[in-house]
Amino acid sequence: MDILQAFINSVPSSIEQGLIYGILALGIYITYSILDFPDLSVDGTFPLGGVVSTAMLLRGINPIICLLGAMLAGALAGLATGLINVKLKVRDLFSGVIVMTGLYSINLRISDGNSLLTIPRNAVTLFRNNALADFLPAGTSSLIISLVIALFIKLLLDAFFSTRFGLLLRATGDNEQVVTSLARDKGNVKIWGLVIANSLVALSGGILCQQQRLFEASMGTGTLVLGLASVIIGTTLFRSANRDYSTLAVLIGAIIYKLCYTLAIVLGLKPGDMKLVTALLFLGILGIESLKKGGNKKHVRA
Amino acid sequence: MKKYRFFVVILVLIAVITNVSAKENYRIGIAQFAVHGSLDNCREGFIEGLAEHGFVEDKNITIEVQNAQSDMGLASQIADSFLATNYDLVCAIATPMAAICANTFDDKIPVIYCAVSDPSAAGLADENGKNIGKVTGTSDTLPIEDQLIMMRALLPEAKNLGLMYTVGEANSAVQVKMYEELAPKYGFDVVVTTVSNGSEIALAVPGLISKCDCISMVLDNTVVQYLDVLLEQADAAKIPVFGSEVEQVILGCVAAEGLDYIALGKHTGDMAAMVLKGEDANSIPYKVILDNKLYINTAKLEELNITVPKELLQRATIVD
Amino acid sequence: MLELKNIHKTYNPGTVRELCLFEDFSLAIEEESFVSVVGSNGSGKTSMLNIICGSIGVEKGKILIDGSDITYTKEHIRNKRIGRIYQNPALGSCANLTVLQNLCLFDAKNKRMNLTPYTDKKRIDTYKDMLSQLGLGLENMLSKRCGSLSGGQRQALALIMATMTDIDFLILDEHTAALDPKTSDVIMHLTEKLVRERKLTTIMVTHNLRYAVEYGDRLLMMHSGEIVLDAAGSAKGELSIDKLLGLFNEISIECGN
């Protein structure tokens, strides 16, 4: 089977993965792009969502409730990062690292010490053995369900950003002074932002575990890089002066990222080389972005 | 007339049989989870095993090898890619890879796994040991009891046995538990130290060394990677370190009752050959491989003044 | 009535760079007065504003508004009744949000920042009216990013937004310093208009002696954390720029400049 054929066959599953990880990317979009807060905790929050959702699912709980549980867990993790940064005045980078390190142990506790949890074939998940999945055609049900979920989250987020609080959140990342002038506590707003973002990250982890029917303790490694790459690829490629297409851009960025990896696998690139490819991709896009901008948003034209 | 019909039937039968068994080229994928001596040996053994049954690379099979480099996300994409390429069979090496392949393929491609310590915990077999889906393979368990017997034979006086493993490697925790159960039978008290990643090992070793008379290695990916760090300090303190497989003894452990991973791979290759010849993977029960060999490092044994009893020496393979 | 009573403020206490700025500093500002504050660099003008707004704290002393002690009230809570304009126009609005979005934000200052949609179609006309009074064309730039506005435009917008809601105090921190002379005049006219219309108690720190003399009903000159000149009402009317400059030089010579 030639390379092109193999690649084309792999596209649907890459898109599916991209959509699921796209939700993670939306969370990172909130912290990195909107709040300007480099949240390193996502490497811990992503598997947290996965393990909570899986542990609940293995106890027979409804898959959607499991995902809500995952989101709650992520929200708590985001709260921790926020409190450490705002109340204890620890630097943003370190706050995230502290939470990520702590979550490593907590995740293993939740999984009862197991680094691998598998979900049986006949279990009811968001992707299998439920009314919707049985209704859709077998080969594409997974992809369609992923698409539905990703779009749902995207639209929810769009609606959020059209609210007053959503606007305040954007203001916090842009100019904290304005938030204080608005008689609002910028620290609290930041904490809320972290809560929302991390609940999305955890949701993504939970969905992935239901889709692949397993939780693996190291699944969080590299999620920050993946999320950042998706955000940067998406927002750089899909800029618009008139409307804000950011949420859609981020989802597409995640899909493109996954497609790049698939291409690399199909071409037979060694996995070790793929990390280098990621780095070069990052460098290329960030380089283009910086050359285009050439300015600092804190200064004003005379 | 009757002769004709008979002749035609024979011809058709021959055509059918030759078509079914003499496929031009089988396409096989090998998905390895991590870069690791034992896993590499599995892969080599697998390819050898296939060859012994007449399936030779570039003759009648093409093999594609992918390594996930311990990255679960990459492992998942490799599984997706293999599914999209529609291989005839996939060999998955190590538990996480076996699990993700089995779940991704959903019986569309048979999975023959290698080096999975606990197939039922990985969802590959049920509690009764029956395969789930078109999945089968080989399972490796550490010959802990044999190791304890051997250690006692080499160190008649030793009391405290030190173990180190990485939090999060489930296999390691299982092995440590088995040690804790069996060790007292041979007069050992087990002392356990845990680390959460490789960089902590250098710091944790002195503490462990001070509390024990000897150390034994479990099959922990991280600790095995940092074995030289452990050996450096143990040698300085004259504490013997027993390995869990041959590579470690070559590196400087005094001895090991080790699994032969090439042999494990070969057994896996045997099963794969059966599947290629038409058997249903589900109907081939998975094999737990227990044959272990004794490997010894005579130079290290001499350095630490340990005498090897004759019975052990007779069956040992000297690797230095 | 705003009162600063016996304020002590030391920067970097206990270090090599320790600087005692205010020692037993007191000041009372009447309601609806417009106070201009001038002084040399480092005289404490901006620090005084920061102390009033709560951006920095004090070691000793009290800050009272109409008798209530706000010394330990957080900055963002004090800001409910304060509008502040900074020297850097970039600080008064969000660069990556549009003019309309910024207006919506400030319009909601006294409302609940909850999950209601931020645009209110009915208010857009009101915003356009407010902006058209400036004569800068901003009413047609509602969907423009604030970051692409000029300094003068942004400062004017900041002034409108700061005074949009019901406030008692207007704090101006050299708010025309970064603008060209013509735009500065425009901003000052606007400032005076707003202060008059809304009856705001205003404190304006400025380096521009002409503005200090022409605007406001009270003038303070500060030096090294002390008030060296306090002219109100008719006394202020008699001041001229030359007189002020003379005073400036006197103080500078005293300090050995």
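Residue positions within a chain follow its written sequence, with the count starting from 1. Lettering for chains starts from A, numbering for ligands starts from 1, and both go in the order in which the items are written. For this predicted model, a pLDDT threshold of at least 70 governs which residues receive local features, and a threshold of 80 or more governs which side-chain atom pairs are given and counted, while totals over whole chains, interfaces and linings are taken from all residues.

1. A look at the interface of chain A and chain B
Consideration 1: Placing C-beta atoms from the backbone, we regard two residues as in contact once those atoms come within 7 Å. Taken together, the contact pairs 30 residues of chain A with 30 residues of chain B.
Consideration 2: For helices the rule is a DSSP run of H or I covering at least 4 residues; for strands it is a run of E covering at least 2, with both sets numbered from the N terminus onward. For the side of chain A that touches chain B, the secondary-structure elements that each account for two or more residues are helix H1 (3-34), helix H4 (92-110), strand E1 (116-118), strand E2 (214-216), helix H11 (246-267) and helix H12 (271-293) of chain A.
Consideration 3: The element best represented in the side of chain A that touches chain B is H1(A), accounting for 5 residues.
Consideration 4: Side-chain classes follow a simple rule in which Ala, Val, Leu, Ile, Met, Phe, Trp, Tyr, Cys and Pro form the nonpolar group, Asp, Glu, Lys and Arg form the charged group, and the remainder, Gly included, forms the polar group. A per-class count over the side of chain A that touches chain B returns 13 nonpolar, 14 polar and 3 charged.

2. Topic: the packing of helix H10 (residues 223-237) of chain A against H11(A)
Residue and element names in this part refer to chain A.
Consideration 1: Helix axes use the C-alpha atoms of the stretch in contact, all axes being lines fitted to C-alpha atoms, and the angles between their N-to-C directions lie in the range 0 to 180 degrees. Look at H10 against H11: their axes get within 7 Å of each other, and the N-to-C directions meet at 120°. Taken together, the axis directions place H10 and H11 in an arrangement best described as oblique. Between H10 and H11 lies a crossing whose hand is right-handed. Across the interface between the two elements, Leu226, Ala229, Ser230, Val231, Ile233, Gly234, Thr235 and Leu237 from H10 touch Ser246, Ala249, Val250, Ile252, Gly253, Ala254, Ile256 and Tyr257 from H11.
Consideration 2: Across the contact of H10 with H11, the residue classes tally to 11 nonpolar, 5 polar and no charged. Put simply, angles under 35 degrees are roughly parallel, angles over 145 are roughly antiparallel, angles from 65 to 115 are roughly perpendicular, and the rest are oblique. When the near helix sits turned anticlockwise from the far one by under a right angle, the crossing is termed left-handed; a clockwise turn instead gives a right-handed crossing.

3. Regarding the sheet that holds strand E9 (residues 241-242) of chain B
Backbone-to-backbone hydrogen bonds join strands into a sheet, with any given pair of strands oriented parallel or antiparallel.
Residues and elements named next belong to chain B.
Consideration 1: Pairs of strands are assigned from DSSP output, requiring at least two bridges between the strands. Read from one edge to the other, the open sheet built from 4 strands follows the order E7-E6-E8-E9, with strand pairing classed as parallel. Bordering the open sheet on either side are strand E7 (189-195) and E9, each of which pairs with just one other strand.
Consideration 2: Bridge count for strand E8 (residues 214-216) against E9 is 2 bridges, and the pairing is parallel. Bridging across to E9, Ile215 finds its partner in Val241.
Consideration 3: Together, strand E6 (160-166), E7 and E8 form the strand contacts of helix H7 (residues 201-211), whose direction differs from that of E7 by roughly 165°.

4. Topic: the interface of chain A and chain C
Consideration 1: Residue-level contacts link 24 residues of chain A with 30 residues of chain C.
Consideration 2: When contributions to the side of chain A that touches chain C are tallied by element, the ones reaching two or more residues are helix H7 (164-174) and helix H8 (176-181) of chain A.
Consideration 3: Here the element with the most residues in the side of chain A that touches chain C is H7(A); it accounts for 7 residues.
Consideration 4: Residue composition of the side of chain A that touches chain C, by class: 9 nonpolar, 7 polar and 8 charged.

5. Some details on the environment of C:Ala212
Residue and element names in this part refer to chain C.
Consideration 1: Looking at the element boundaries, Ala212 is found in helix H7 (residues 209-214).
Consideration 2: Burial in this document is a count-based property: other C-beta atoms within 10 Å of a residue's C-beta are tallied, and the residue is buried at 20 or more, exposed at 12 or fewer, or partly exposed in between, with C-beta positions derived from the backbone. The class of Ala212 is buried, set by 23 C-beta atoms lying within 10 Å.
Consideration 3: A sequence separation of 29 residues divides Ala212 from Ile241, and the C-alpha atoms of the two residues are 8.7 Å apart.
Consideration 4: Those residues in contact with Ala212 that sit more than four places away from it in its chain are Ser36, Val38, Thr206 and Leu219.

6. Notes on helix H9 (residues 186-212) of chain A
Residues and elements named next belong to chain A.
Consideration 1: When the terminal C-alpha atoms of H9 are compared, their 39 Å separation across 27 residues agrees well with the 39 Å that a helix rising 1.5 Å per residue should span.
Consideration 2: Most of H9 is tucked away, with 23 of its 27 residues classed as buried.
Consideration 3: In the segment just after H9, Arg213 is the residue with positive phi, at about 55°. Under the convention used throughout, the expected extent of a helix is 1.5 Å for every residue step, that is, one less than its residue count.

7. Details of the sheet that holds strand E10 (residues 226-232) of chain C
Residues and elements named next belong to chain C.
Consideration 1: Spatially, E6-E7-E8-E3-E9-E10 is the arrangement adopted by the 6 strands of the open sheet, whose pairing is mixed. This sheet does not close on itself; its edge strands, each paired only once, are strand E6 (82-85) and E10. In this sheet, neighbouring strand axes are inclined to one another by 15° on average, regardless of whether the strands run parallel or antiparallel.
Consideration 2: In the sheet, strand E3 (residues 34-39) pairs with strand E9 (residues 218-223) via 5 bridges, with the strands oriented parallel. Bridge pairing links Ser36 to Leu219 in E9.
Consideration 3: Packing of helix H1 (residues 45-53) onto the sheet brings it into contact with E3, E6, strand E7 (169-173), strand E8 (201-205) and E9, and relative to E7 it is tilted by some 150°.

8. So, the nonpolar core
Consideration 1: Counting residues in each nonpolar core, the largest one holds 211 residues, and the members touching the most others are B:Ile93, B:Met97, B:Ala98, B:Cys101 and B:Val111.
Consideration 2: For this core, the element with the most residues is H1(A), which contributes 13 residues.
Consideration 3: Any nonpolar core is a set of buried residues, restricted to Ala, Val, Leu, Ile, Met, Phe, Trp, Tyr and Cys, that join up through C-beta atoms within 7 Å. With 46 residues, the next largest nonpolar core counts B:Met151, B:Leu161, B:Phe188 and B:Cys253 among its residues.

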